[in-house]
Amino acid sequence: MLKIFAATTKELLLLRRDRTGLLVLFLMPAILVVLITLVQENVMELTGQKKTQVLFLDLDQGDLGKSLQKQLATTTLDLVLWDEGQKDIADIQAAVTGGGYQVGVVIPKGASARFTEETARLFQQGNGKGKPREMTATSVQLFVDPGIMAGLRSGVTAQLQMALTTIGLEAKLAQLGGVLAQTMARAGAEPEQSPLAGEKLPALFRQPLLDLQEHQGDSGAIGASQYKPVQQNVPAWALFGMFFTAIPIAGSILQERNSGIWIRLTALPVSPLVLFTGKAVAYMGVCLCQFLLIALIGAFLFPSLGLPPFTVSMHPMAILLTVVLSSLAACGYGIFLGLACNSYEQASTLGSTSVVAAAAIGGVMVPVYAMPQVMQRLSVISPLNWGLTAFQDLLLRGYSLSAILDDLGRLLLFFAVTVLLSWKLAGIRK
Amino acid sequence: MGQTAFMKPGNPYLPEPGPDCVVSARSLVKHYKNNDRPALNDFTLDVQQGEFFGLLGPNGAGKTTAISILTGLFPADSGSVRIRGMSFQEKEHEIKRILGLVPQDIGLYDTLTARENLNFFGKLCGISGRKLGERIQQGLEFARLTEHARHPVATFSTGMKRRLNLAVGLLNEPQLLVLDEPCVGIDAQSRHLIHEQLKEINRQGTTILYTTHYIEEAQELCSRIGIIDNGRLVEQGSPVALLQQSGRGNLEELFLHLTGKELRDT
Ligand SMILES: Nc1ncnc2c1ncn2[C@@H]1O[C@H](COP(=O)(O)OP(=O)(O)O)[C@@H](O)[C@H]1O
Ligand SMILES: [Mg+2]
């Protein structure tokens, strides 16, 4: 026990003397989490998970423009109103194809008048015999960036189409109310007696009869307002940083093996397991600090960058346990690398390649659900995936400790296996 | 000396190690992977209690390999090793407790200070509390590094590092001190100091096994010298006996006669 403590203190001292090494360990994941989240925020915008800005140019300045604005106010489209006195269609086109905006909407001059006129003519078609007259639709112009993703394009188009359909339907119903009133009057009834009379009809129409109730996953514990990329990226990149500590751990072992230190240590009455434990405990401290730093960046720096904050509202103990076991897995891997490789160059090349690969497979860079089927199945072999799944279960899905025990067990097993393998190797490599 | 002072390699009758025998190695053979030549080939050695035994040999003769097997760093392919009658298979921990090893490559943490190095290795030896403080202080004085106790080892000269390397090997007050070329690449002052200190330690009763490729060093220090070449002991005896028996003027002539004049570049 005393020897483990001595080994841990020594490791911490060595770390404290290696300021640059420590700085890299903390800066690398910190920079990555900020950059990647900022980049991905843009991706979220493109895939419609965030409000899309829509240029709105009303050359008509009539009722149609006002109704459309009102309809779009409740959608995920964020209207940017352009002044019709200063801009024209060419400007919109330039802004959209130039990539500054993804979508532009133009209400042509005279659109309101034509729309009102056509609506009025809808029911002036003589008697019920013969084919209904063809109507001319009043067009609203839509400009879309050709580079836009298909998903966003159809999302925006659907919302605009929905708004136009609603406006059209309301106009038709208002018209129908009038026609009904006239017909009833002709039949001798008092128009006021009809529930469908006049202005009442569109108001009735707006009453909901069917709706879509949305649920978040199974538990529903977390509201839709929670911004997912932040809750996903913060633990993901913290894990990435934690697994990267495997390289300095391997380096510290190789430094010992390539000097007389390892020989001296093997000649002392102390088991390699004691030395491994010392390293694991010391570097676990580093990993905890890394996670804390990344979490603090998520919580306090993100808001000032215009991102929503990272929050750990539930199961702090389960989260801590996940951090601890992920760190142990990372340390075990580092110790194994230090004994399996013969030079620091080997260990750092193999280490960084394998950690980046495990991060990619594990869903740190691209979420697992967005991967092809084959890769999704492959992702379960990555220790980073086990850690990440546990974090997502806790932070996104609102599960409790019992739901992540399998992933935690895998991390622990990984640590045990790597340390035992290293122990075997230490026997050979004395 | 009761034992045969002069023993031919492959001697068919090997005397049983007596009660005073600290190190006894019998017919050690060691092949490294990726190396056809055996590093040790029928290596047999006895070191008695209180001896200052020098293992003298050219580069690549197998000195470090022999020392590694004798201190239990790794096992030989065949043959047997006993330290005070104990084998590493059965009593590894007990042997390690009475053993002090000074490795050929300096075994110190560069970024730690002299005191921190002594403190860490002392704790791993199982020393603690006031005793540890005393041993560290003694170690610093022994290495003449009291003034530099708080300086990182990286700032030390080779002589200072070698002195500290030795001091760390002495932390547990070993009964058997094994040194692998401890004076390579250092100035005359440091070498002189180390030599004097080792003689003193030996006088106080510590058995010493010392490897070197410097003939004068072996001659000056050792009560008995074994000449090793190509993984086997080719000659052994006290410096005086070796000269007498060989009938040559000095040890260097004997050494070159035994090991040949071919260059050793391994
Ligand atoms: N790890 C190793 N792998 C392969 N060959 C080795 C290894 N260590 C030493 N040797 C070889 O074994 C022989 C003895 O080496 P060593 O015991 O280090 O000699 P010395 O210490 O006397 O210079 C040399 O030929 C050397 O090249
Ligand atoms: Mg050597």
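Q: Explanation requested: the overall build of chain B in the structure shown.
A: A tally of regular secondary structure across chain B gives 9 helices and 9 strands. In terms of overall size, chain B behaves like a compact globule, its C-alpha atoms giving a radius of gyration of 18 Å where 266 residues would be expected to give roughly 18 Å. The principal-axis extent of the C-alpha atoms belonging to chain B is close to 50 × 40 × 40 Å. Looking at chain B as a whole, 53% of its 266 residues qualify as buried. The long-range fraction of contacts in chain B, counting pairs at least 24 apart against all pairs at least 6 apart in sequence, stands at 68%. For chain B, the accessible surface area stands at approximately 11900 Å², while carbon and sulfur atoms represent 48% of it. Averaging the positions of the 29 positive and the 31 negative side-chain charges in chain B gives two centres separated by 4 Å.

Q: Explain the confidence of the model for chain B to me, please; I cannot follow it from the model alone.
A: Where the model shows low pLDDT, its predicted coordinates should not be examined in detail. Residue and element names in this part refer to chain B. Per-residue pLDDT for chain B averages 88, and the proportion of residues at 70 or more is 92%. Within chain B, the lowest mean pLDDT, 78, falls on helix H9 (residues 251-259), and the highest, 96, falls on helix H3 (residues 114-124). In this model, residues 1-12 is a region of pLDDT below 50 whose contacts with residues beyond four sequence positions or in other chains number 17 contacts. Taken over the whole predicted complex, pTM reads 0.77, whereas the ipTM for its chain interfaces reads 0.89.

Q: So what exactly am I meant to see when it comes to the interface of chain A and chain B here?
A: A common way to report how large an interface is uses the accessible area buried once the components associate. Taken together, the 22 residues of chain A in the interface contact 29 residues of chain B. Buried surface at the junction of chain A and chain B, both sides included, amounts to about 2500 Å², of which 67% is carbon and sulfur. Its salt-bridge partner being Arg17(A), residue Glu116(B) comes within 2.8 Å of it at the nearest N-O pair. Viewed at the interface, chain B and chain A are joined by 10 residue pairs in polar contact (both at pLDDT 80 or more). Mapped by element, the contributors of at least two residues to the side of chain A that touches chain B are helix H1 (2-17) and helix H10 (261-267) of chain A. Ranked by the residues each element gives to the side of chain A that touches chain B, the list is headed by H1(A), at 8 residues.

Q: Help me understand the pattern of salt bridges in this model?
A: When the charged atoms of two side chains with opposite charge come close together, those side chains can pair. What the rule picks out here adds up to 16 salt bridges over all chains. In this structure, Glu173(B) engages Lys131(B) in a salt bridge whose closest nitrogen and oxygen atoms are separated by 3.0 Å. Remark: Lys131(B) occurs in helix H4 (residues 129-142) and Glu173(B) occurs in the loop between helix H5 (158-169) and strand S6 (176-180); sequence separation between them is 42 residues. Looking at Lys131(B), the relative accessible area reads 41%, which means it is partly exposed. What emerges from the salt-bridge pattern is a single network uniting Lys10(A), Glu11(A), Glu256(A) and Lys279(A).

Q: For this particular structure, what's the right way to read the packing of aromatic side chains?
A: Any two aromatic rings considered together are summarised by their centre-to-centre distance and by the angle between their planes. All names here are of chain B. Under the counting rule described, the total for this entry stands at 10 aromatic pairs over all chains. Arranged with centres 5.9 Å apart and planes meeting at 50 degrees, the rings of Phe52 and Tyr210 form a pair that is tilted. Here Phe52, found in strand S3 (residues 52-56), pairs with Tyr210, found in strand S7 (residues 207-212); they are 158 residues apart in sequence, far enough to count as distant. Residue class for Phe52 comes out buried when judged on its relative accessible area of 1%. When its relative accessible area of 0% is taken as the criterion, Tyr210 is described as buried.

Q: What is the right way to read the coordination of the magnesium ion (ligand 2) from this model?
A: Think of it this way: four donors in a tetrahedron around the metal ideally sit 109.5 degrees apart, and six in an octahedron ideally sit 90 or 180 degrees apart. Residue and element names in this part refer to chain B. The magnesium ion (ligand 2) binds to the protein through Thr64 (OG1) and Gln104 (OE1), with metal-donor distances spanning 1.9 to 2.3 Å. With Thr64 in helix H1 (residues 63-70) and Gln104 in the loop between strand S5 (99-102) and H3, this pair connects stretches of sequence that are 40 residues apart. On the basis of relative accessibility, which here comes to 29%, the residue Gln104 falls in the partly exposed class.

About the thresholds
- The numbers attached to residues start from 1 for each chain and follow its sequence in the written order.
- The lettering of chains begins at A and the numbering of ligands begins at 1, in the order of writing.
- Note on the predicted model: pLDDT of at least 70 is required for a residue's local features to be given, and 80 or more for side-chain atom pairs to be given and counted; whole-chain, interface and lining totals, by contrast, use all residues.
- Hydrogens are left out, water is left out, and the side-chain values use all remaining heavy atoms of the structure.
- We count a stretch as a helix when DSSP gives it H or I for four or more residues in a row; a strand needs E for two or more, and each element gets its number in order from the N terminus.
- The quantity called the radius of gyration is restricted to C-alpha atoms. Its globule counterpart is 2.2 Å times the number of residues to the power 0.38.
- Each residue's exposure class comes from its accessible area (1.4 Å probe, protein chains only) as a fraction of the maximum for that residue type: buried when under 20%, exposed when over 50%, partly exposed otherwise.
- Whether two residues touch is decided by their heavy atoms; if any such pair falls within 4.5 Å, the residues are in contact.
- Method for areas: the Shrake-Rupley scheme with a 1.4 Å probe, in which residue coverage is limited to the protein chains shown.
- In this tally Asp and Glu are treated as negative and Lys and Arg as positive; neither His nor the chain ends contributes.
- Where a charge lies is defined by one atom per residue type: Lys uses NZ, Arg uses CZ, Asp uses CG and Glu uses CD.
- A score from 0 to 100, pLDDT tells how confident the predictor is in each residue.
- When two parts are brought into contact, each loses some accessible area as probed by a 1.4 Å sphere; the total of that loss over both is the buried area.
- Salt bridges are identified by distance alone: a Lys or Arg side-chain nitrogen within 4 Å of an Asp or Glu carboxyl oxygen.
- Polar contact is defined as a pair of N or O atoms within 3.5 Å, subject to the rule that within protein one atom must be able to donate a hydrogen and the other to accept it, and that residues adjacent in sequence are counted only when both atoms are side-chain atoms.
- Note on aromatic contacts: the rings of Phe and Tyr and the six-membered ring of Trp form a pair at centre separations within 6.5 Å, being stacked when their planes are under 30 degrees apart, edge-to-face when over 60 apart, and tilted otherwise.
- Water is not among the atoms examined, so metal sites may look incomplete; donors are the N, O and S atoms within 2.8 Å of the metal, or within 3.2 Å for Na, K and Ca.

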